[in-house]
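So you can see what is in the structure, the chains are spelled out below.
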Amino acid sequence: LWSFVARSELWVLTRSGTLDRYDLDSGRRTASDQVPVAGAQVVVPTDEGLLYGANGGELVLVRDGQEGWRRELGTSVSLPLVLGGMAWVHATDTATGRDRLIELDVRSGKVRSSTGLPQFGIRGITTVGDDLWLSTPNGRVTIVRPPSG
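A brief structural summary. Predicted, not measured: the structure shown is a model, and the values here were computed from it.

Things to note about the overall build of the chain
Consideration 1: Along its length, the chain carries zero helices and 16 strands.
Consideration 2: Per-residue burial over the chain gives 40% buried out of 149 residues.
Consideration 3: Excluding contacts between residues fewer than 6 apart, the proportion of contacts in the chain whose partners are at least 24 apart in sequence is 26%.
Consideration 4: Taken as a whole, the chain presents about 8300 Å² of accessible surface, with 46% of it coming from carbon and sulfur.

Right, here's the structure in full:
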């Protein structure tokens, strides 16, 4: 379903419901754990635990195998961009017809900001200076300046 390089390993979220990790030098599998979040589509390691994005627009933090918090952010969520203790996630909400960029505190799951976006969908998100740049499926870029403090 998803793969990512983190902490000198290749992380693979499989369709069979495991999170497999592979050593980058040898290619050997170093761990295989059951995914504790039903419908998980993406996972990002953070200092607070594993942050899962799941079907139905949920973001879930798992610490030491236990759910720390769960937030429904819309009808779907993208891979979060974690910067320091904050997670930036693109959420689509078909009920409101509006995409949003949501900033959450990773430790508590508290929403810190929510910015309506002028375009639907996201292909990627990155930082440029102090700003967040979001590319859309139709080739546009939206620049968001996060609130200070």
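Next comes the rest of the write-up.
So, the sheet that holds strand S4 (residues 29-34)
Sheet strands pair via backbone hydrogen bonds, and the direction of the pair is either parallel or antiparallel.
Consideration 1: Strand order in the open sheet formed by four strands is S1-S2-S3-S4, with antiparallel pairing between adjacent strands. In this open sheet, the two strands that pair with only one neighbour each are strand S1 (2-6) and S4. Strand after strand, the sheet turns through a mean of 20° between neighbouring axes, direction not considered.
Consideration 2: Summarising the sheet, strand S2 (residues 9-13) and strand S3 (residues 18-23) pair through five bridges and their orientation is antiparallel. Bridge pairing links Leu13 to Leu19 in S3.

A look at the environment of Leu24
Consideration 1: As for its position among the elements, Leu24 is in the loop between S3 and S4.
Consideration 2: Here the alpha-carbon distance between Leu24 and Val12, two residues twelve residues apart in the chain, equals 12 Å.
Consideration 3: When sequence neighbours within four positions are dropped, the list of residues in contact with Leu24 reads Val5, Ser8, Glu9 and Leu10.

Some thoughts on a nonpolar patch on the surface
Consideration 1: A contiguous nonpolar patch, built from Val128, Trp133, Val141 and Ile143 and spanning about 340 Å² of accessible area, is present on the exposed surface.
Consideration 2: By relative accessible area, Ile143 is classed as partly exposed at 48%.

Here we look at the nonpolar core
Consideration 1: Membership of the largest hydrophobic core comes to 14 residues, with the highest contact counts inside it found for Trp2, Leu19, Val35, Val37, Ala40 and Tyr52.
Consideration 2: Going through the elements one at a time, S1, S2, strand S5 (40-46), strand S6 (49-54) and strand S7 (58-63) are the ones with two or more residues in this core.
Consideration 3: If one sorts the elements of this core by residue count, S5 sits on top with three residues.

So, the pattern of salt bridges
Consideration 1: For the structure on display, the rule yields nine salt bridges.
Consideration 2: A salt bridge links Glu48 to Arg107, with the nearest nitrogen and oxygen atoms 3.0 Å apart. One end of the pair, Glu48, is in the loop between S5 and S6; the other, Arg107, is in the loop between strand S12 (98-105) and strand S13 (111-116), and 59 residues separate them in sequence.
Consideration 3: Across the pair Arg70 and Glu58 runs a salt bridge whose closest N-O atoms are separated by 2.6 Å.

With respect to the environment of Met86
Consideration 1: Mapped onto the elements, Met86 comes out in strand S11 (residues 86-93).
Consideration 2: Sequence separation between Met86 and Arg28 is 58 residues; the distance between their C-alpha atoms is 32 Å.

How each quantity is defined
- Residues numbered from 1 in each chain as written.
- Predicted model: local features only at pLDDT ≥ 70, side-chain atom pairs only at ≥ 80, totals over all residues.
- Heavy atoms only, no water.
- Helix = DSSP H or I, 4+ residues; strand = E, 2+ residues; numbered from the N terminus.
- Buried < 20%, exposed > 50% of the residue type's maximum accessible area, 1.4 Å probe, protein only.
- Contact = heavy atoms within 4.5 Å.
- Areas by Shrake-Rupley, 256 points an atom, 1.4 Å probe, with all protein chains shown as cover.
- Pairing = 2+ DSSP bridges.
- Axes fitted to C-alpha atoms, helices over the stretch in contact; angles between N-to-C directions.
- Patch = residues over 30% accessible without salt bridge, like charges linked within 9 Å, V, L, I, M, F, W, Y side chains within 5 Å.
- Salt bridge = Lys/Arg side-chain N within 4 Å of Asp/Glu carboxyl O.
- Core = buried A, V, L, I, M, F, W, Y, C linked by side-chain atoms within 4.5 Å.

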